[in-house]
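Architecture at a glance
What follows is the residue order along each chain.
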Amino acid sequence: MSEQKKLYIKTYGCQMNVYDSERISDALAPEGYSVTADENEADLVLLNTCHIREKAAEKIYSELGRMKQLKLKKPEMQFGVAGCVAQAEGQEIINRQPMVDLVVGSQAYHNLPEMMRDVAKGQKPVDIDFPAEDKFDHILRSKGKRKLPSAFLTVQEGCDKFCAFCVVPYTRGAEVSRPAQKIIDEAKHLVDQGVVEINLLGQNVNAYHGQGADGEWSLARLIRELAKINELKRIRFTTSHPNDMDDDLIAAHGDTEKLMPYLHLPVQAGSDRVLKAMNRKHTAEEYLKLIERIRSVRKDIALSGDFIVGFPGETEADFQDTLNLCEEVRYGQAYSFKYSTRPGTPAADRDQVDEVEKADRLKRLQTLLTKHQYEFQLSMVGKILPVLLEKPARDPGQFVGKSEYLHAVHMDAKAEQVGTIVQAKVTRTERNSLGAEIVK
Ligand code: 5AD
Ligand code: SF4
């Protein structure tokens, strides 16, 4: 048995990183590491980084600068950088911040135990390779009951779409789907640990085309198979590209009860000119038609999206098209960002929109999106919704769970109801959550 050591992971960015952080801790558990929430008591600090927006690398260097204080107090503390900034910067991180002991790219977590042994020998390993095999193959899921009844499960990684603004095809590499049986096994393992909701993850999840028992499986096929696991009650997936919403996946929203009525389907912009410049390969009209088809099989589906304002060349008229599209769709919830240049991507060298203008457009878009979100939440008041209770909330006796539409819902409950789906009558809406009462 190895000696007991503490691992502190700071996670940035998307849900894929949250999932990866979990697998990083699984990978290091056999080496004697247990996770701590207190950086001061860590033996190993890992920053699991995100490169998608803003000055990602600079933020990591300044965080490492701050963490030098920890190293001063505890000189034997070790530091590693993981994730997409690690993937993009590689050795440069150690050159700029010699305190760092290892750099591990987003595809190499299965090599962490070996890398830690190299660190113990005084080396500073850097591994940013893209392996041919499944990076999770050699990482065993930790055993024992799960803290939450809802879990992420990565089914595919990477992206071949090359949207003109995005670093993902460079940091996460080409699209790779995991074999279906491995996903089903992992899902069963999670269910054995008390999980009742699984969120299938992928940068381009609906492009899934993993090897199944009888040839390649689509995401819809995979979902239908997972739905057969008795104790699994809810299935979600994120994030999707409009062009990969095939007929079967649309149909699954109508006929697979366990598939939740929520779909994150980013469109990024509402102007055809901008969509073309973004290399999205569809028009606004095609997107709206798609939404119509999805709503025709599942009327109440909650839609979510991502938007970029101030993409190079975006005029006020283009931006108005984005606002109009939002009016048509009425998203239940959505994310929006100012365009930020990612070096190495096609849009980085184009004429940029003025920063003040970008900020103004973002504010106007967010005002509209927030209004739609609030109206959707308000429409829930008085309804009885099935809510998966997840964990205690801040107030004593209060618990929080998720509606089928992914609202956070607060209510009084008993601790033993956590992990079950309760029927709750919505009594009020807050800014970003609902309040409810359990009905007998
Ligand atoms: N600038 C702003 N937003 C971006 N996103 C991706 N790249 C950029 C960028 N360079 C947003 C997109 C994507 C989400 C995950 O992040 O909206 O869907
Ligand atoms: Fe990035 Fe998504 Fe476009 Fe792929 S589809 S390049 S991940 S924005």
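**Quick notes on the sheet that holds strand S21 (residues 433-438)**
The strand order around the closed barrel formed by five strands is S17-S18-S19-S21-S20, and the pairing between neighbours is mixed. Along the sheet, successive strands turn relative to each other by an average axial angle of 50°, direction set aside. Two elements, strand S20 (residues 421-429) and S21, share five bridges in a ladder whose sense is antiparallel. Pairing of Lys-425 across the sheet is with Glu-437, part of S21.

**Structural notes on the environment of Thr-36**
Checked against the element boundaries, Thr-36 lands in the loop between strand S2 (33-35) and strand S3 (44-49). Taking the C-alpha atoms as reference points, Thr-36 and Leu-7, 29 residues apart in sequence, are found 5.8 Å from one another. Leaving out residues up to four positions away in the same chain, Thr-36 has contacts with Lys-6, Leu-7, Tyr-8, Glu-41 and Ala-42. Here the side chain of Thr-36 touches Asp-38 through a polar contact of 2.9 Å, landing on its backbone nitrogen.

**What to know about the site of ligand 2**
Every residue near ligand 2 is listed here: Cys-159, Lys-161, Phe-162, Cys-163, Phe-165, Cys-166, Val-168, Pro-169, Asn-204, His-241 and Arg-280. Here the residues of the shell around ligand 2 sort into seven nonpolar, two polar and two charged.

**Observations regarding the packing of aromatic side chains**
One pass over the full model with this rule turns up five aromatic pairs. Ring geometry for Phe-165 against Phe-311: centres 6.3 Å apart, planes inclined by 85°, an arrangement best described as edge-to-face. You can see Phe-165 sitting in the loop between strand S8 (156-157) and helix H6 (168-171) and its partner Phe-311 sitting in the loop between strand S15 (302-309) and helix H12 (316-329), a full 146 residues away along the chain. Exposure remark for Phe-165: the relative accessible area of 10% places this residue in the buried category. With a centroid separation of 5.8 Å and an interplanar angle of 75°, the aromatic rings of Phe-376 and Tyr-405 are classed as edge-to-face. Linking Phe-376 in helix H13 (residues 355-378) with Tyr-405 in the loop between strand S18 (398-403) and strand S19 (408-412), this pair joins segments that are 29 residues apart in sequence. Here the aromatic cluster, defined as three or more aromatic residues joined through ring pairs, consists of Phe-165, Phe-311 and Tyr-339. Its end group placed over the ring of Tyr-61, Arg-96 keeps NZ or CZ at 3.8 Å from the ring centre.

**Here we look at the domain arrangement of the protein chain**
Taken as a whole, the protein chain is organised into domain 1 (5-127), domain 2 (150-378) and domain 3 (384-438). Put simply, the middle of domain 2 and the middle of domain 3, counted by C-alpha atoms, are 26 Å apart. For the pair domain 2 and domain 3, the two sides together bury roughly 1,400 Å², of which 58% comes from carbon and sulfur. Taken together, the connections running from domain 2 to domain 3 amount to zero salt bridges.

Conventions we followed
- Residues numbered from 1 in each chain as written.
- Chains lettered and ligands numbered in written order.
- Predicted model: local features only at pLDDT ≥ 70, side-chain atom pairs only at ≥ 80, totals over all residues.
- Heavy atoms only, no water.
- Pairing = 2+ DSSP bridges.
- Helix = DSSP H or I, 4+ residues; strand = E, 2+ residues; numbered from the N terminus.
- Axes fitted to C-alpha atoms, helices over the stretch in contact; angles between N-to-C directions.
- Contact = heavy atoms within 4.5 Å.
- Polar contact = N/O pair within 3.5 Å; in protein donor to acceptor, adjacent residues only side chain to side chain.
- Near = heavy atom within 4 Å.
- Nonpolar A, V, L, I, M, F, W, Y, C, P; charged D, E, K, R; others polar.
- Phe/Tyr/Trp six-rings, centres within 6.5 Å; stacked < 30°, edge-to-face > 60°.
- Buried < 20%, exposed > 50% of the residue type's maximum accessible area, 1.4 Å probe, protein only.
- Lys NZ or Arg CZ within 6 Å of the ring centre and 35° of its normal.
- Domains from an automatic or database assignment.
- Buried area = accessible area lost by both parts, 1.4 Å probe.
- Salt bridge = Lys/Arg side-chain N within 4 Å of Asp/Glu carboxyl O.

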